[in-house]
Amino acid sequence: MKRFIIVSLLLMTVGRSMACVPEKPTYNYYLMCVEPTQQQTDSKQLKAINDFWKQYTNGRVEGYVDGWDSKTNTDAPTFIMKLARQKKDYEMVRYLGWLNKYLKISRDLTNTWEYPTREQLLRRRQGLTQMLAAAKAYRGRRLLAQYRLLAMRANMLLGYNTQNISYWKTTASRMPQSVYRDMMENIYARALLKTGKQRDALEIYARQNDQQSMRWCVRHYRNLSGIKAIYARDANSRVLPYLVQDFVNNMQETQDVYTRPSAFIPDADKARWTKKEYTEAIEEVGARAIYQDEAQAFIAFAAQVLKEGKTTTPALWHEATGALQFLLGDYSAARASLARAITAEGTQRMHDNARAIADINSVYTEKMDEQQQSHLIKEIEWMRSMTKLAETKDEQGITYVTDTYFANMLQRMVYNHLVPELQKQGNGFLALAMLANMDNHDNDGTLPSIRKHVPTYYQPANSYNDLPDWSGDYYDALQHLTVDSLKQYVAYLHATHTDSPLAEAACKSSYLSDDYYNDLIGTRLMAAGHFEEAIPYLKKVSTDFIYNSNICGYIGRRNYQRPRWFVHQVIADTLQTGPRSVAITGNQKLTFCQDITNLQHRYQNASSDTLRARLAYDLATRLYQASYEGDCWYLTHYDWSCLDSVRTGDRDLILDAINYLDECSLKGDKNIQFKSLYALAFIRRDNAAEGYPFIYPDEKINFQKQTRQYKALTQLDNFLTLNPAYQSNPYVSHCDVLRMFREQ
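The structure presented is a predicted model; accordingly, all values stated were derived computationally and were not measured.

Engineer: Would you take a moment to explain the overall build of the chain for this structure?
Structural biologist: From N to C terminus, the chain includes 34 helices and six strands. When the backbone C-alpha atoms are referred to their principal axes, the chain occupies close to 105 × 70 × 50 Å. Within the chain, the fraction of its 744 residues that count as buried is 52%. Surface accessibility of the chain: about 35,800 Å² in total, with carbon and sulfur atoms responsible for 51%. With 90 positive and 83 negative side-chain charges, the chain shows a separation of 8 Å between the mean positions of the two kinds.

Engineer: Got a minute to help me understand the nonpolar core in this structure?
Structural biologist: Across soluble globular proteins, nonpolar side chains show a tendency to be buried alongside one another. One finds F298, W317, L478 and Y489 to be the most contacted residues of the largest nonpolar core, which totals 222 residues. In contact with W317, other than residues within four places in its own chain, are I227, Y231, L240, V244, F298, F301, A302, V305, L306 and T311. Formed by seven residues, the second largest nonpolar core is a distinct cluster that contains V257, Y278, A281 and A287.

Engineer: Would you explain helix 24 (residues 514–527) in this entry?
Structural biologist: In an α-helix there are 3.6 residues to a turn, and that puts residues three or four apart on one side. Between its first and last C-alpha, helix 24 extends 20 Å over 14 residues, near the 20 Å set by a 1.5 Å rise per residue. Extensive coverage of helix 24 is indicated by the burial of 13 of its 14 residues. For helix 24, the N-terminal cap is S513; the gap from its side-chain oxygen to the backbone nitrogen of D515 is 3.4 Å. Trailing helix 24 by a residue or two, G529 shows a phi angle of about 85°, which is positive.

Engineer: Could you clarify how one ought to interpret the packing of helix 24 against helix 25 (residues 531–539) in this entry?
Structural biologist: For any two helices packed against each other, the geometry comes down to the angle between their axes and how far apart the axes lie. Interhelical geometry of helix 24 versus helix 25 gives an angle of 170° and a closest axis separation of 8 Å. Relative to helix 25, helix 24 is oriented roughly antiparallel. Counting all contacts with helix 24, which are made through N518, D519, I521, G522, T523, L525 and M526, the residues of helix 25 involved are F531, E533, A534, Y537 and L538. For the contact of helix 24 with helix 25, the class distribution of residues is seven nonpolar, three polar and two charged.

Engineer: In this structure, what is going on with the pattern of salt bridges? I would like to understand it.
Structural biologist: Side-chain pairs of opposite charge can arise whenever the charged atoms involved come near each other. Inspection of the entire model under this criterion finds 28 salt bridges. A salt bridge links E62 to K54; the shortest N-O distance between them is 3.4 Å. Salt-bridge contacts for E366 lead to R335; the nearest nitrogen and oxygen are separated by 2.6 Å. Taken together, the positions of E366 in the loop between helix 17 (348–365) and helix 18 (370–389) and R335 in helix 16 (residues 331–343) put the pair 31 residues apart, joining distant regions of the chain. Note on R335: relative accessible area 48%, which makes it partly exposed.

Engineer: What am I meant to see in the environment of L590 here?
Structural biologist: Along the chain, L590 turns up in helix 28 (residues 588–604). When the C-alpha positions of L590 and L481 are compared, they lie 22 Å apart, and in sequence the two are 109 residues distant.

Engineer: Whenever I open this one, a negative patch on the surface confuses me. Can you help?
Structural biologist: Together, E277, E280, E283 and E284 give the surface a local cluster of negative charge. Owing to a relative accessible area of 42%, E283 belongs among the partly exposed residues under this scheme.

Engineer: Can you help me understand unusual backbone geometry in this one?
Structural biologist: A positive phi angle, near 60°, is found at K88, a position not held by glycine. Structurally, the position occupied by K88 is in the loop between helix 2 (76–86) and helix 3 (90–110). The exposed category is assigned to K88, whose relative accessible area is 58%.

Engineer: I'm lost on the packing of helix 19 (residues 405–424) against helix 20 (residues 428–441) in this one. Help?
Structural biologist: Viewed as axis vectors pointing N to C, helix 19 and helix 20 meet at an angle of 165°, and their least axial separation amounts to 8 Å. Between helix 19 and helix 20, the angle is such that the two are roughly antiparallel. For the pair helix 19 and helix 20, the crossing hand works out as left-handed. On helix 20, the residues that touch L410, Q411, V414, Y415, L418, V419, L422 and Q423 of helix 19 are G428, L430, A431, M434, L435, M438 and D439. Of the residues in the contact of helix 19 with helix 20, the class split is 11 nonpolar, three polar and one charged.

Engineer: Quick question: what am I supposed to make of the side chain of S500 here?
Structural biologist: Here S500 is to be found in the loop between helix 22 (483–494) and helix 23 (501–508). The class of S500 is buried, set by a relative accessible area of 10%.

Engineer: Looking at this model, I keep getting lost on helix 30 (residues 653–667). Mind explaining?
Structural biologist: Between its first and last C-alpha, helix 30 extends 21 Å over 15 residues, near the 21 Å set by a 1.5 Å rise per residue. Buried residues along helix 30 sit in contact with helix 25, helix 28, helix 29 (609–626), helix 31 (670–682) and helix 32 (708–722).

Engineer: Please clarify how the packing of aromatic side chains should be interpreted in this entry.
Structural biologist: In this structure the tally under the stated criterion is 47 aromatic pairs. With a centroid separation of 4.8 Å and an interplanar angle of 20°, the aromatic rings of F247 and F298 are classed as stacked. On the criterion of sequence distance, the pair formed by F247 in helix 11 (residues 240–259) and F298 in helix 14 (residues 292–308) is long-range, its members being 51 residues apart. Taking the relative accessible area as the measure of exposure, F247 reaches 1% and is therefore buried. Site record: aromatic cluster; members linked through ring pairs are F566, F674, Y678, F719, Y726 and Y731. The side chain of R612 reaches across the aromatic face of Y603, ending 4.0 Å from its centre.

Engineer: How should the environment of C217 be read in this particular structure?
Structural biologist: Note that C217 resides in helix 9 (residues 211–217). Classification of C217 by relative accessible area gives buried; the value is 1%. Taking C-alpha positions, C217 is 60 Å from I555, a pair spaced 338 residues apart along the chain.

Engineer: Help me understand the environment of F406 in this model?
Structural biologist: Examined against the element boundaries, F406 turns out to sit in helix 19. Given the relative accessible area of 3%, F406 is considered buried. Other than its neighbours up to four places away in sequence, F406 contacts R349, D352, W382, M383, M386 and T387.

Engineer: Help me out: how do you make sense of the state of the cysteines in this one?
Structural biologist: Formally, a disulfide is one covalent bond, and it connects the sulfur atom of one cysteine to the sulfur atom of another. All told, the structure shown has zero disulfides when counted by the stated rule. The thiol sulfur of C33 is not disulfide-bonded, and the nearest other cysteine sulfur, from C217, lies at 20 Å.

Conventions adopted
Residues numbered from 1 in each chain as written. Predicted model: local features only at pLDDT ≥ 70, side-chain atom pairs only at ≥ 80, totals over all residues. Heavy atoms only, no water. Helix = DSSP H or I, 4+ residues; strand = E, 2+ residues; numbered from the N terminus. Buried < 20%, exposed > 50% of the residue type's maximum accessible area, 1.4 Å probe, protein only. Areas by Shrake-Rupley, 256 points an atom, 1.4 Å probe, with all protein chains shown as cover. Lys, Arg positive; Asp, Glu negative; His and termini not counted. Charge placed at Lys NZ, Arg CZ, Asp CG, Glu CD. Core = buried A, V, L, I, M, F, W, Y, C linked by side-chain atoms within 4.5 Å. Contact = heavy atoms within 4.5 Å. Expected span 1.5 Å × (residues − 1). Polar contact = N/O pair within 3.5 Å; in protein donor to acceptor, adjacent residues only side chain to side chain. Axes fitted to C-alpha atoms, helices over the stretch in contact; angles between N-to-C directions. Parallel < 35°, antiparallel > 145°, perpendicular 65-115°, else oblique. Nonpolar A, V, L, I, M, F, W, Y, C, P; charged D, E, K, R; others polar. Salt bridge = Lys/Arg side-chain N within 4 Å of Asp/Glu carboxyl O. Patch = residues over 30% accessible without salt bridge, like charges linked within 9 Å, V, L, I, M, F, W, Y side chains within 5 Å. Left-handed = near helix turned anticlockwise from the far one by under 90°. Phe/Tyr/Trp six-rings, centres within 6.5 Å; stacked < 30°, edge-to-face > 60°. Lys NZ or Arg CZ within 6 Å of the ring centre and 35° of its normal. Disulfide = S-S within 2.5 Å.

Rendered as structure tokens:
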């Protein structure tokens, strides 16, 4: 018997099995996003710079700062410098020298751990002065934009803001449009800001969508008073879309902090918070508290703005009004406001934003009839197509989405609004089908899943497959169904739904693998103790499906017939237990059910107590192994935790094992009695150790006499006293728990 220790297996990403659990996604994404995302802006700028170096190196490196040449195993700056020298491109060599010096100084400035000495500061200033002189002295044409950017960078780090303003007006602003000119203008905006011309700087930041700089500049304007002040100066200020968007999203964040449960703060504690504490929690994430009265005041102000007619983008104000009305629960008013936003003058992005919010709002304003269902199908496809348009590839060729807004709105609509409403209306299977549809189409809510209509997602590795087969909202919802409801739902998925366009579309484009659902039903039946009933379902599950599942490495390495109390079947690397990690010849779940069913029939018809006791011991061995305390927990569940317990709807296999062991400890021969008593003392149920499972390996055990396990240890000790021949058994002599029990 092994020492009591805590065992943790990092196998599944579902909350039950992780030692460090990420907070479950809320899908409560911000409603408004009328400006391009910062990621889009940065990605476009970075691509333009990287393309220059990619072309210069003939595709050998994808970028400069973080680039790498795989052929020579060299970082990009070193490789490009060497390449320039090989080409005898001395113009580039000189520029690279200055660029590398600038990048080093920039890195040094971000190092907040070590403050530079006076000598280091002096050398830095001398280096920047030399850099500025070299940049101004450049007379070539090929790298003119880069050198002029270098001059403004050197001025910036030297604190020469006035000089940068002059340099931009006389020199840099005359450069043709390029990413380098944009970067120079951004430095010019910083110089304006540093010299007190905040308004001018802010307009540049807004035009360039430099949200980080803009957020700092408008930190005192992020409320209705600030919006009114900016509007009064310029009804069409480039800053207004950002501030209006920020206002609406801050209202949403305020609602979230007040109404949504927290993964880290118990609701009872949160209920005792003061308004100041709520405000601090809101500001912790960079938001500003916007309460209902201020939101209502904004709606009134927006109506005034629209009435005055000065704005060239009335769509912005209609959309913001509709979004706030939606958040305030006035869905009918939101419907009218958002409809006006879609047709009013404004950018296409504003119209698309309003359309997405209107789709979400329609869940509450439209009857779920055939017309509304057809409308939702069309809008879901539109959101997916908008996400598809935002796809691009990174330097490694991996596809990602630069603008996730429409994917986010789709997730919000389905998970947070449509599914709950369908459930309220008693349409639970359609709600599940919508989850299945999302699960099948969206990998992390952004990319189309390659799991579509295949037995499972075949991840090219031996490690755990964390895609939707055994995790996520759809899987979690399936786990909450009774077995009978699960069977009915699978039939619903495969049925034709002529009376429900949404159900027909959702079911047809959902994950329809027979292997998956048969395995799910069979496993649930096993967990409920209905082993014979599980056999027909498990017979339909292909070996290929099991081979490509997360339990492959366990099936190929563990044997449920080996008693857990005598052998712990350790796997050296539990991260190598996933799909195709080891060869398998069949479905161990099916074999287990057939084995248990056969043993149960033989046990019920046993001709003698001795035979019955031996069969009872075999049943106890298998049932305990298949429980959450056994090595073969994967037979009845898809995840495991050291703090696991009997789950709702499951049969208590540990209790069944204890009952069988109790019987054979009384009726079996000496060997069966010994094994049974040892097993009863080993089983952790109603543990004798005080504080279990939170016990350190070298900590002394304080035994609790009232527990089942303590009584089992007493029975084992009595048996060994009466049968001294078993004292030399290695399982007895090496059992430190039994030794400490005897020493107490």
